[in-house]
Amino acid sequence: MLKLASSSRRRIAVYTGHLLKKNFASANVTGNPLLKTHTLPPFKLIRVDHIEPAMEVLLSKYEKSIDGLEEQIDNKSVAGWNIFNELELIEQPVEDAWGVVSHLQGVKNSDDLRKAHEKVLPNVIKTMTKSSQSVSIYKALELIKEDTNQWNKLSKAQQRIVDQNLTAMRNQGVNLEGDQQQRFNEIKMELADLSTKFSNNVLDATKEWSLIITDSSEIEGFPTSLKALTAQQAGSNDIEKGPWKLTLDYPVLGPVLQHARNRQLREQIYMANVTKAGEVNAPIIAKILSLRKEKANLLNYNCHADLSLETKMAGNTDNVDELVEQLRNKAYPCALKEYKKLTKFANLYGHKGKLEPWDTTFFSERQREKLFEFTQEELRPYFSLPDVLTGLFTLCEKLFNVHIMEVSNNDGNNTNDSVQTWHEDVSFFHVLSKDNANEHIASFYLDPYSRPEEKSGGAWMAVCRQRSDLLDRKPVAYLTCNGTPPIKDAPSLMTFVEVTTLFHEFGHGLQHMLTKIPYSRCAGIAGIEWDAVELPSQFMENWCYHKPTVDSFAKHYQTGETIDETLFQKVCDAKKHNAGSALLRQLYFGKMDMALHSTFNPSLGIDGILKLQHEIAEDYTVSPPLNTDRFLCSFSHIFAGGYSAGYYSYIWAEVLSADAFAAFEEVGLDNEKHIEGLGRKFADTVLGCGGGEHPADVYKRFRGRLATADALLRHRGVV
Ligand code: ZN
């Protein structure tokens with residue numbers, strides 16, 4: 001997953017430079033760290049009560065600066081490309097401060113922070129909207145396009161920036177007038193508020209549910225690591241005697257569904273998860289869908305999907321439907337066969353009747369063990385976090401000619417340049433370019449472990465600093481994972497999934513950090529069509545299935561042994577285990593999302609939504625969802641995470657990433673020389689070009705042709 005630090009970079013924003021001298025009741029303006037420009041955010045100095053006064057100052061300054069810039073544009077003292085330079089200077093302080101607030105929301109959430117965020121958010125949106133609806137700026141950007149002479153002098157990346165901003169401003173309602181614009185703005189505010197409520201509700205519901213188990217017979221089947229984690233969460237030192245605390249936090253939920261022999265327990269945790277936030281979020285999703293449609297209509301689009309697709313690589317809903325349908329036709333028969341096989345397997349295992357949703361993961365895991373005779377748990381000892389990191393960095397060194405090194409924390413010294421973090425487990429790294437005498441080109445924070453009490457689930461990469469030659473800034477990334485924390489004296493031992501997740505997020509990080517584009521608006525992941533943005537991340541995951549790469553770092557933390565050949569082969573085969581069902585599930589989510597945002601009539605409300613879910617499930621699932629299933633009510637990707645009418649992007653990008661990796665397979669993954677050459681090419685095109693060119697053009701430069709879905713189906717084993 002990928003999170004944008006504040007809102008989209010493409011919006012227009014402004015600021016002029018001098019702090020407003022305004023007296024605030026609290027002393028939180030003087031010495032407020034959010035009001036100063038820092039190379040890196042001063043996390044140790046930032047307090048929640050800094051947020052409101054800082055944002056008030058910054059936003060008011062920003063607004064004045066927009067007015068100032070408009071005046072300059074109107075009297076022709078600023079024109080052409082310079083507008084973007086001015087905008088960037090104005091934007092940066094707000095971006096920096098708000099970026100920190102958004103980041104802390106995800107990794108250090110608290111009631112106070114939430115309140116501050118909620119209080120400031122409307123003002124942030126209102127102010128940003130004002131600049132994105134500036135007619136002066138819009139007209140001035142149009143002039144850049146109209147003046148052929150000026151236009152031709154711009155680089156391809158600059159031209160894309162102008163085009164993208166014009167589209168973005170149109171989609172921000174710059175051409176709307178009077179009542180229509182007012183309504184548009186109201187909707188935007190309400191949608192932002194609803195998204196925040198939606199994700200807070202999910203977080204709350206996740207936090208609220210827990211189950212204390214005291215009877216050891218109830219945890220039969222739990223692997224040692226799960227016993228240890230749940231005992232630790234219950235504050236117990238004895239992993240065999242308990243008590244054990246079960247939560248909906250993924251490192252617990254996933255393994256419980258896979259391993260708990262106690263069927264009732266599985267049902268209980270499964271139901272808690274799929275009904276989570278069901279009551280509170282049902283009206284919210286209905287409202288969100290209806291507002292999104294109204295907003296799209298105001299902009300003259302038929303539906304939210306049309307609005308979303310205009311700025312995506314796929315371009316229109318037909319192209320998405322075509323790919324989804326093409327893959328469904330392959331996945332469905334495959335999934336049906338798998339389901340029948342699984343049912344048979346479960347029956348042999350003693351299970352009676354049909355498989356309920358809380359049974360499939362469990363039996364699928366048993367079937368996997370039987371067929372491939374290994375458990376996810378067997379792999380953990382080979383994947384200690386420090387070793388995995390070393391392996392990942394070495395791979396990047398080989399492919400992209402960079403060197404990555406950890407920079408120690410500079411705790412005591414709160415100077416402008418000191419590295420401060422929000423938690424003791426977070427570390428900080430520099431990326432050096434070996435092409436260029438080890439020049440420092442980028443940095444990143446890594447927050448590796450799950451902390452359910454304050455950190456959102458899942459994993460993501462977000463932007464801390466965007467590359468900008470104008471501001472003399474190098475890219476800095478936040479990499480956030482939710483891996484298993486170290487238990488007792490052992491290092492953090494990762495599951496294979498956690499390893500691939502880390503590689504995935506690092507792929508995003510690489511595109512952000514190795515950008516060759518000097519303009520913040522399309523450097524790194526900025527300005528990239530959303531459905532192409534998962535290319536580098538999914539590409540990186542492929543390396544986790546290449547034995548020599550894995551051997552270079554996966555050493556048993558006690559014995560130092562590498563993973564046995566047969567075991568590794570099983571890992572690769574296991575990836576294809578029930579592959580049809582896995583692909584179908586993703587297509588189901590994608591189809592659901594697209595249908596909700598295109599053909600669906602939002603006035604049908606939650607009942608209509610659930611009816612649609614069941615209709616789509618007929619073609620996209622082999623066993624229909626339960627009537628009580630409310631997974632949509634915690635489907636944060638599309639209701640709070642920026643993937644609305646865009647969930648298909650994972651598959652769209654996987655077509656690209658699989659096809660890109662196939663290029664490496666074609667030259668031979670063990671052919672060091674060719675791999676390195678291709679790696680550099682990948683770095684120069686896919687990783688380097690950012691949003692500076694249309695992704696199809698970038699891809700063609702890397703691959704010599706457009707991508708096909710063949711490699712995706714082959715890698716997944718769906719045939
Ligand atoms: Zn991702």
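Residues numbered from 1 in each chain as written. Predicted model: local features only at pLDDT ≥ 70, side-chain atom pairs only at ≥ 80, totals over all residues. Heavy atoms only, no water.

Colleague: Account for helix 14 (residues 357-372), naming residues and giving values.
Modeller: Because an α-helix completes one turn every 3.6 residues, residues spaced three or four positions apart along the sequence face the same direction. Compared with an ideal rise of 1.5 Å per residue, which puts 16 residues at 22 Å, helix 14 spans 23 Å between its outermost C-alpha atoms and is within 8% of the ideal. Where helix 14 is concerned, the buried positions are Pro357, Trp358, Asp359, Phe362, Phe363, Ser364, Glu365, Arg366, Gln367, Arg368, Glu369 and Phe372. Buried residues along helix 14 sit against helix 9 (250-259), helix 10 (263-274), helix 13 (317-348), helix 15 (376-379) and helix 20 (565-575). Where helix 14 ends, the next residue or the one after it, Glu373, has phi of about 45°, a positive value. (Helix = DSSP H or I, 4+ residues; strand = E, 2+ residues; numbered from the N terminus. Expected span 1.5 Å × (residues − 1). Buried < 20%, exposed > 50% of the residue type's maximum accessible area, 1.4 Å probe, protein only. Contact = heavy atoms within 4.5 Å.)

Colleague: Please provide a residue-by-residue account of the coordination of the zinc ion, values included.
Modeller: In this structure, His504 (NE2), His508 (NE2), Glu534 (OE) and Glu534 (OE) serve as the protein donors to the zinc ion, at separations of 2.1 to 2.7 Å. For the zinc ion, the four donor atoms in the first shell make angles of 53 to 138° at the metal, so the coordination geometry reads as irregular. (Donors = N, O, S within 2.8 Å, 3.2 Å for Na, K, Ca; no water. Tetrahedral: all angles 85-135°; square planar, octahedral: opposite > 155°, others 65-115°.)

Colleague: Describe a negative patch on the surface, and please don't skip the residues or the numbers.
Modeller: On the surface, a cluster of negative charge is made up of Asp318, Asp321, Glu322, Glu325, Glu618 and Asp619. For the negative patch, the secondary structure elements donating two or more residues are helix 13 and helix 22 (605-620). Looking at the negative patch, the element that brings in the most residues is helix 13, giving four residues. One can find Glu322 in helix 13. According to the relative accessible area criterion, Glu322 is exposed, its value standing at 55%. (Patch = residues over 30% accessible without salt bridge, like charges linked within 9 Å, V, L, I, M, F, W, Y side chains within 5 Å. Areas by Shrake-Rupley, 256 points an atom, 1.4 Å probe, with all protein chains shown as cover. Salt bridge = Lys/Arg side-chain N within 4 Å of Asp/Glu carboxyl O. Lys, Arg positive; Asp, Glu negative; His and termini not counted. Charge placed at Lys NZ, Arg CZ, Asp CG, Glu CD.)

Colleague: Explain the layout of surface pockets residue by residue, including any values.
Modeller: Size it by volume and the second largest pocket reaches roughly 420 Å³. In this structure, the second largest pocket is lined by 23 residues; those nearest its centre are Ser433, Ile441, Arg467, Leu514 and Thr515. Breaking the lining of the second largest pocket down by element, the ones donating at least two residues are strand 6 (439-449) and helix 25 (672-687). Split by residue class, the lining of the second largest pocket holds seven nonpolar, six polar and 10 charged. (1 Å grid on protein atoms, 1.4 Å probe; cavity = no way out; pocket = protein on both sides within 12 Å on 5 of 7 lines; lining within 4 Å. Points joined across faces, edges and corners; volume = space filled by probe spheres on them. Nonpolar A, V, L, I, M, F, W, Y, C, P; charged D, E, K, R; others polar.)

Colleague: How would you summarise the pairing of strand 8 (residues 476-483) if you had to cite specific residues and measurements?
Modeller: The buried count for strand 8 comes to eight of eight residues, which makes it a mostly enclosed element. Relative to strand 8, strand 6 runs parallel, the two sharing six bridges. The residue of strand 8 that forms the bridge with Tyr445 is Tyr478. (Pairing = 2+ DSSP bridges.)

Colleague: Give a detailed account of empty space enclosed by the protein, specifying residues and quantitative values.
Modeller: Applying the stated rule across the entire model yields three cavities of 30 Å³ or more. Put simply, the largest cavity is a space of about 110 Å³. Along its surface, the largest cavity is lined by Met313, Gln511, Ile528, Ala532, Leu535, Leu656, Val686, Gly690, Glu693, Pro695, Val698 and Tyr699. Here the lining of the largest cavity gets three residues from one element, more than from any other, and that element is helix 26 (residues 695-703). Considering only enclosed or pocket space, the second largest cavity measures out at about 80 Å³ in volume. Around the second largest cavity, the lining residues are Pro33, Leu34, Lys36, His38, Pro41, Pro42, Ile46, Pro93, Asp96, Ala97, Val100 and Arg465. It is helix 2 (residues 82-107) that contributes the most residues to the lining of the second largest cavity, four residues altogether. Of the residues that constitute the lining of the second largest cavity, the class distribution is eight nonpolar, one polar and three charged.

Colleague: Would you mind going over the confidence of the model for the protein chain in detail, with residue names and values included?
Modeller: Of all residues in the protein chain, 95% have pLDDT values of 70 or greater, and the mean over the chain is 91. Confidence drops under a pLDDT of 50 for residues 3-27, and excluding neighbours within four residues, the segment shows 81 contacts in the predicted structure. In this model, residues 411-416 is a region of pLDDT below 50 whose contacts with residues beyond four sequence positions or in other chains number 11 contacts. (pLDDT = per-residue confidence, 0-100.)

Colleague: Please set out the pattern of salt bridges residue by residue, giving values where relevant.
Modeller: Under the definition given, this model contains 35 salt bridges. In this structure, Lys197 engages Asp193 in a salt bridge whose closest nitrogen and oxygen atoms are separated by 3.0 Å. Of this pair, Lys197 and Asp193 are both found in helix 7 (residues 178-208), four residues apart, which corresponds to roughly one turn of the helix. A relative accessible area of 30% places Asp193 in the partly exposed class. Two residues, Asp469 and Arg467, come together in a salt bridge whose shortest N-O distance is 3.2 Å.

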